[in-house]
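Structure at a glance
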Amino acid sequence: MSTEIHRPSIPKLLMTLLYILIFLAILLFLSGGWMWIEGWMFTAWFIALSYSAIFYLYRYDPGLLAARYKQPGSANQEGWDKYVVSGLFIGFISWIFFMPLDAKRFGWTTDFPEGL
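Just so it is clear, the model here is predicted, and its values are computed rather than measured. Starting from 1, residues in each chain are numbered consecutively following that chain's sequence as written. The predicted origin of the model limits local features to residues at a pLDDT of at least 70 and limits the giving and counting of side-chain atom pairs to 80 or more, whereas totals for whole chains, interfaces and linings rest on all residues. Excluded from the side-chain calculations are hydrogens and water; all other atoms, namely the structure's heavy atoms, are used.

A closer look at the environment of Phe29
Segments assigned H or I by DSSP are reported as helices when at least four residues long, segments assigned E as strands when at least two residues long, and all are numbered from the N terminus. Structurally, Phe29 is set in helix α1 (residues 10-30). By relative accessible area, which is 55% here, Phe29 ends up exposed. By definition, residues are in contact when any of their heavy atoms lie within 4.5 Å. Aside from chain neighbours lying at most four places away, what touches Phe29 is Trp34 and Arg105. Type-normalised accessible area, obtained with a 1.4 Å probe on protein chains alone, sets the label of each residue: buried when under 20%, exposed when over 50%, and partly exposed for intermediate values.

Notes on the nonpolar core
Take the buried residues of types Ala, Val, Leu, Ile, Met, Phe, Trp, Tyr and Cys, join any two whose side-chain atoms come within 4.5 Å, and each joined set is a nonpolar core. Ile20, Leu27 and Phe42 are the most contacted members of the largest nonpolar core, which totals 15 residues. Sorting the residues of this core by element identifies α1, α2 (37-60) and α4 (81-106) as the ones contributing at least two each.

Considerations on the environment of Trp95
Turning to its location among the elements, Trp95 is positioned in helix α4. The spatial distance from the C-alpha of Trp95 to the C-alpha of Trp108 is 14 Å, given a sequence separation of 13 residues. Apart from the residues lying within four places of it in its own chain, the contact partners of Trp95 are Phe42 and Pro100.

With respect to the packing of α1 against α2
Axes here refer to lines fitted to C-alpha atoms; in helices the fit is confined to the stretch in contact. Angles between the N-to-C directions go from 0 to 180 degrees. Look at α1 against α2: their axes get within 10 Å of each other, and the N-to-C directions meet at 165°. The orientation of α1 with respect to α2, classified from their angle, is roughly antiparallel. Judged by the sense of rotation from one axis to the other, the crossing of α1 with α2 is right-handed. Facing α1, whose interface residues are Ile10, Leu13, Thr16, Leu17, Ile20, Leu21, Leu24, Leu27 and Leu28, α2 presents Gly39, Trp40, Phe42, Thr43, Phe46, Ile47, Ser50, Tyr51, Ile54, Phe55 and Tyr58. Any residue outside Ala, Val, Leu, Ile, Met, Phe, Trp, Tyr, Cys, Pro, Asp, Glu, Lys and Arg is labelled polar, Gly included; the first ten of those are nonpolar and the last four are charged. Residue classes in the contact of α1 with α2 are distributed as 16 nonpolar, four polar and no charged. Any angle between 65 and 115 degrees counts as roughly perpendicular, while under 35 counts as roughly parallel, over 145 as roughly antiparallel, and the rest as oblique. For a crossing to be left-handed, the near helix must be turned anticlockwise from the far one by less than a right angle; the clockwise case is right-handed.

Digging into α1
A helix is expected to reach a length of 1.5 Å times the quantity of its residues less one. Look at α1: 30 Å from first C-alpha to last across 21 residues, which is about the 30 Å you get at 1.5 Å a residue. When we look at burial in α1, the residues that qualify are Leu13, Thr16, Leu17, Ile20, Phe23, Leu24, Leu27, Leu28 and Leu30. Taken together, the buried residues of α1 touch α2, α3 (62-68) and α4.

Brief notes about the packing of aromatic side chains
Working definition: rings of Phe, Tyr and Trp (its six-membered ring) pair if their centres are within 6.5 Å, and the pair is stacked with planes under 30 degrees apart, edge-to-face with planes over 60 apart, and tilted otherwise. Applying the stated rule across the entire model yields eleven aromatic pairs. For the pair Trp45 and Phe46, a centre-to-centre distance of 6.4 Å together with 50° between the ring planes defines the contact as tilted. With relative accessibility at 13%, the residue Phe46 sits in the buried group. For the pair Phe106 and Trp108, a centre-to-centre distance of 5.3 Å together with 15° between the ring planes defines the contact as stacked. Under the relative-accessibility criterion, Phe106 is labelled partly exposed at 49%. Grouping aromatic residues by their ring pairs yields a cluster made of Phe23, Phe42, Trp45, Phe46, Phe92 and Trp95. To sit over a ring, a charge needs its Lys NZ or Arg CZ within 6 Å of the ring centre and within 35 degrees of the ring normal. Here Arg7 stacks its cationic end above the ring of Tyr58, 5.0 Å away from the centre of that ring.

Here it is in structure tokens:
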């Protein structure tokens, strides 16, 4: 019985990091101005959180990171996992697209009360 852990390849990790940067470039582009301070703050926070989680898992728990790279519903996962993950992905993409359009460009929602 082999206990060898397969780490995701470096090119796969680099593509993941590139995808994260593309999402954030879309966020800033859709805001209508590159000087959106809140967008840059979110960008810095999101990059730091995403990259630190990926690097931590790569170093300390490569098996979990490899499992996260598997297709939903593969191996011994439940078949409905692919629907949950697809829904989460659609929600995330929608959030990245609508957040700058609402917060900066069009202002569809009212301002959040500062007291809250």
